[in-house]
Amino acid sequence: MTIHADERYEIEALLRTYPTPRAVALDALKIVQQAKKWITDEDIRDVAALLEMTPAELDNLATFYSQIFRRPVGEHVIRLCDSVSCWIMGETGLEERLSHLLGIGPGETTPDRRFTWLPVSCLGVCEQAPAIMIDDDLYTHLNPEDLDVILEKYVQGGVEK
Amino acid sequence: MKRERPLTQHFRSDGQALSLREYEAVGGYQGLRAALRMERHQIIKTIRESTLSGRGGAGFSTGRKWTFIPDEDLHERHVFPHEMVMMIEEPDQWEHALAGFTTGVKWSFMPKGEYITTPTYVVANADEMEPGVFKDRVLMEGNPHQLLEGMIISAHAIGANTAYIFLRWAYKKSARCIEKAIAEARQANYLGEHILGTDFNIEIYLHISAGRYICGEATALLNSLEGRRANPRAKPPHTAAVGLWGRPTNVNNVETLSNVPHILRNGSDWYKGLSYTDEGGTKIYGVSGRVKRPGWWELPMGTIAREIIEEHAGGMADGYHLRGFLPGGASTDFLLTEHLDVRMDVKSVDAIGSRMGCGTMIILDDKTCPVGMVNNVMRFFARESCGWCTPCREGLPWTANVLNAVEAGQGRPEDIDRLRTHARWIGRPDNTFCALAPGAMEPLQSALRYFEDDFREHIHLGRCPWRRKGGPI
């Protein structure tokens with residue numbers, strides 16, 4: 001069993017919220033992903049067993065939803081909005097700067113496994129465009145050079161919030 | 001006279017959400033108290049009379065939506081309300097009618113009395129994920145209790161005891177605000193059992209999405225809540241008859257539900273008086289792009305587009321000129337400067353060949369390439385297609401590839417007609433289970449109409465003419 005006891009407890013507590021176990025599936029995957037950053041084949045097997053689903057049924061969900069990761073990601077996940085309002089307000093400049101700073105492109109992870117850059121559809125802060133989200137932190141009204149300072153915070157061992 | 005802005009006028013200036021106590025001090029939960037004293041059909045009647053239309057982008061009428069839940073008397077005779085018969089026998093007209101319904105009508109579609117096949121559900125659609133749209137976020141961060149109160153009233157009106165908020169994953173702050181508000185409301189017995197001493201019980205659960213634009217489509221949302229892929233379902237049946245776990249379910253947008261408490265507290269005549277047109281209430285309008293003050297404003301329904309862009313958004317940013325705008329999010333047809341005097345309500349924007357959608361405009365300026373803009377929007381829709389229907393799964397990436405080639409200067413003259421053909425066929429509402437693909441074609445078909453010269457220039461020059469103008473590339 002790869003799932004931690006308290007993760008299991010958290011998942012089982014959610015079963016009361018919905019009439020069927022499988023409705024908890026996405027929450028359960030998010031709970032497991034919280035600590036591990038991504039969902040392994042073993043996680044799929046174990047969570048599926050907990051929710052009376054087959055591994056294939058659960059993987060069918062895990063591979064559909066964009067915020068469930070079935071492959072390893074870096075320590076910090078950078079989500080750069082490439083939708084239309086951000087694009088109009090200079091998102092391509094952010095892409096160039098990010099690519100320069102990290103030496104990777106969208107969908108890639110830095111060799112030191114510190115950052116994964118994911119392109120993302122609209123973060124819903126279009127009036128503050130352009131925007132990125134690093135882990136759970138939102139940054140808006142960005143100029144490309146702002147990224148230098150922001151990324152630095154995540155390099156210096158942890159984030160000040 | 002200063003106009004009322006019931007949804008946002010009591011927002012705190014520091015951007016924090018109103019607490020329960022602060023909300024109660026400005027009339028919060030009085031709408032619920034009024035509703036609990038009313039018969040259910042009276043609540044739905046009030047919402048119908050208010051002419052509140054759905055704020056989720058399709059313009060559906062809320063009161064009418066609530067009446068979709070099968071009716072007691074009609075059930076005794078084993079027939080559905082006539083709207084339902086119409087849904088089943090004449091799906092085309094039904095689709096057309098959907099665009100004009102008020103929220104009260106939607107509510108009246110729900111089953112009533114002993115014919116409620118319990119449990120019945122209320123779902124708040126908070127999966128706001130269309131590019132350019134951010135109004136629901138504003139409401140959830142500013143006053144989450146207003147949404148909860150609207151949901152509780154809706155649940156009472158249609159006889160539901162369980163409600164879910166389906167929230168998009170990116171709205172971290174909204175999630176914190178809603179969780180706190182639910183805890184406060186439970187403490188004060190607005191949630192739980194025997195609400196305010198009545199026999200009405202209601203629980204609200206927050207479900208945070210795992211991502212995908214398609215989750216905002218009502219039936220895909222329900223599949224997602226059930227722990228399935230967010231593929232849309234065939235309609236009919238309407239979710240009011242067969243929704244969450246096969247039960248009658250009312251799905252309403254966050255802004256729609258946030259209007260409900262105010263209507264119950266102040267009456268439908270007051271509500272209609274807030275509007276400039278025959279579509280009642282106020283509307284959260286928004287503007288993004290190269291204007292001086294991008295943002296949102298609660299204004300009378302039917303406020304003129306020019307006023308929103310030139311006064312509230314402060315006009316174009318220095319050095320930029322307005323070329324056009326998507327009036328209601330990425331899935332609406334372009335409008336031009338000649339359309340600036342349109343009233344921003346469902347009927348008026350429809351009449352000039354676009355849609356009000358969510359009322360959140362995206363501005364096309366003269367330094368931004370219209371082909372690039374359409375290409376960006378098309379890549380979004382292609383990425384977010386759920387893959388269920390072939391025209392969407394295959395057609396959107398194909399269209400995006402053609403647009404990509406044109407933008408990169410590798411287009412051929414015949415590509416313009418090719419794009420028109422795609423826009424026509426993929427744009428047909430009866431070829432797919434949901435409106436994602438037809439919506440994706442709206443900015444394209446209108447760009448081909450209004451900006452054809454720009455497409456031709458790309459093809460003729462063999463490059464994007466904007467690449468030297470300092471705009472996005």
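Structure: see above.
Residues numbered from 1 in each chain as written. Chains lettered and ligands numbered in written order. Predicted model: local features only at pLDDT ≥ 70, side-chain atom pairs only at ≥ 80, totals over all residues. Heavy atoms only, no water.

Draft legend 1. Summary view of the overall build of chain A. Looking only at helices and strands, chain A has seven helices and four strands in total. Mapped from its N terminus to its C terminus, chain A presents α and β elements in the order α-α-α-α-β-α-α-β-β-β-α. Taken along the three principal axes of its C-alpha coordinates, chain A extends 50 × 30 × 30 Å. Burial statistics for chain A: of 161 residues in total, 52% are counted as buried. Counting every atom, chain A has about 7,100 Å² of accessible surface; 50% of that belongs to carbon and sulfur. One finds the centroid of the 15 positive side-chain charges in chain A at a distance of 5 Å from the centroid of its 28 negative side-chain charges. (Helix = DSSP H or I, 4+ residues; strand = E, 2+ residues; numbered from the N terminus. Buried < 20%, exposed > 50% of the residue type's maximum accessible area, 1.4 Å probe, protein only. Areas by Shrake-Rupley, 256 points an atom, 1.4 Å probe, with all protein chains shown as cover. Lys, Arg positive; Asp, Glu negative; His and termini not counted. Charge placed at Lys NZ, Arg CZ, Asp CG, Glu CD.)

Draft legend 2. Inspection of the sheet that holds strand S4 (residues 137-139) of chain A at higher detail. Residue and element names in this part refer to chain A. Across the sheet, which stays open at both edges, the four strands sit in the order S2-S1-S3-S4 with mixed pairing between neighbours. The strands lining the two open edges of the sheet, one partner per strand, are strand S2 (115-120) and S4. Here the strands of the sheet are splayed against their neighbours by 20 degrees on average, with no regard to which way each runs. (Pairing = 2+ DSSP bridges. Axes fitted to C-alpha atoms, helices over the stretch in contact; angles between N-to-C directions.)

Draft legend 3. Looking closely at the sheet that holds strand S5 (residues 203-208) of chain B. All names here are of chain B. The strand order across the open sheet formed by four strands is S5-S4-S3-S6, and the pairing between neighbours is parallel. The outermost strands of the open sheet, each flanked by one partner alone, are S5 and strand S6 (249-253). Looking at each pair of strands side by side, their axes are set apart by 20 degrees on average, direction ignored. Pairing between strand S3 (residues 121-126) and strand S4 (residues 162-167): six bridges, direction parallel. Following the sheet pairing, Ala126 is matched in S4 by Leu167.

Draft legend 4. Fine view of the interface of chain B and chain A. Contacts between the two partners involve 55 residues from chain B and, on the opposite side, 39 residues from chain A. Summing both sides of the interface, chain B and chain A together bury roughly 3,900 Å²; the carbon and sulfur share of this comes to 57%. When the buried area of chain B at its contact with chain A is split by residue, Trp169, Ala210 and Arg229 of chain B rank highest and sum to 17% of it. Where chain B touches chain A, the interface holds three salt bridges. Between Arg383 of chain B and Asp82 of chain A there is a salt bridge; the shortest N-O distance is 2.5 Å. The tally of links from chain B across to chain A stands at 24 residue pairs in polar contact (both at pLDDT 80 or more). At the level of elements, S5, helix H11 (218-225), strand S7 (282-288), strand S8 (295-300), strand S11 (360-365) and helix H16 (370-384) of chain B are the ones that each hand at least two residues to the side of chain B that touches chain A. In terms of residue count, the dominant contributor to the side of chain B that touches chain A is H16 of chain B (seven residues). (Contact = heavy atoms within 4.5 Å. Buried area = accessible area lost by both parts, 1.4 Å probe. Salt bridge = Lys/Arg side-chain N within 4 Å of Asp/Glu carboxyl O. Polar contact = N/O pair within 3.5 Å; in protein donor to acceptor, adjacent residues only side chain to side chain.)

Draft legend 5. Main features of helix H14 (residues 305-312) of chain B. Residue and element names in this part refer to chain B. What H14 keeps buried is the set Ala305, Ile308, Ile309 and His312. Each buried residue of H14 sits inside an arc of 120 degrees when the element is viewed along its axis, so together they form one side. Against the buried residues of H14 lie S7, S8, strand S9 (322-326) and S11. In the stretch just after H14, Gly314 is the one whose phi turns positive, near 80 degrees. (Arc of directions from axis to C-beta.)

Draft legend 6. Quick look at the pairing of S3 of chain B. Residues and elements named next belong to chain B. Among the six residues in S3, six count as buried, and that is most of the element. Neither face of S3 is open: one carries Tyr121, Val123 and Asn125, the other Val122, Ala124 and Ala126, and all of them are buried. Summarising the sheet, S3 and S6 pair through five bridges and their orientation is parallel. From the neighbouring strand, Val122 faces S6, where its bridge partner is Asn250.

Draft legend 7. Representation of the packing of aromatic side chains. Scanning all chains against the criterion turns up 17 aromatic pairs over all chains. When the centroid spacing of 6.5 Å and the interplanar angle of 70 degrees are considered together, the rings of Tyr450 of chain B and Phe451 of chain B count as edge-to-face. On the basis of relative accessible area, Tyr450 of chain B is assigned to the partly exposed category, the value being 24%. Judged by its relative accessible area of 3%, Phe451 of chain B falls in the buried class. An aromatic cluster is built from Tyr18 of chain A together with Tyr121, Tyr164, Tyr205 and Trp245 of chain B, whose rings are joined through pairwise contacts. Across the ring face of Tyr171 of chain B, the terminal group of Arg168 of chain B is positioned such that the distance to the ring centre comes to 5.1 Å. When the ring centre of Tyr450 of chain B is taken as origin, the NZ or CZ atom of Arg449 of chain B, which lies over that ring, is 5.0 Å away. (Phe/Tyr/Trp six-rings, centres within 6.5 Å; stacked < 30°, edge-to-face > 60°. Lys NZ or Arg CZ within 6 Å of the ring centre and 35° of its normal.)

Draft legend 8. Region of the structure containing the packing of helix H3 (residues 41-50) of chain A against helix H4 (residues 55-62) of chain A. All names here are of chain A. For the pair H3 and H4, interaxial distance at closest approach is 8 Å and the crossing angle is 115 degrees. In terms of orientation, H3 lies roughly perpendicular with respect to H4. Here the hand of the crossing between H3 and H4 comes out right-handed. Across from Ile44, Arg45, Val47 and Ala48 in H3, the residues of H4 making contact are Pro55, Leu58, Asp59 and Ala62. Class assignment for the residues of the contact of H3 with H4 results in six nonpolar, no polar and two charged. (Parallel < 35°, antiparallel > 145°, perpendicular 65-115°, else oblique. Left-handed = near helix turned anticlockwise from the far one by under 90°. Nonpolar A, V, L, I, M, F, W, Y, C, P; charged D, E, K, R; others polar.)

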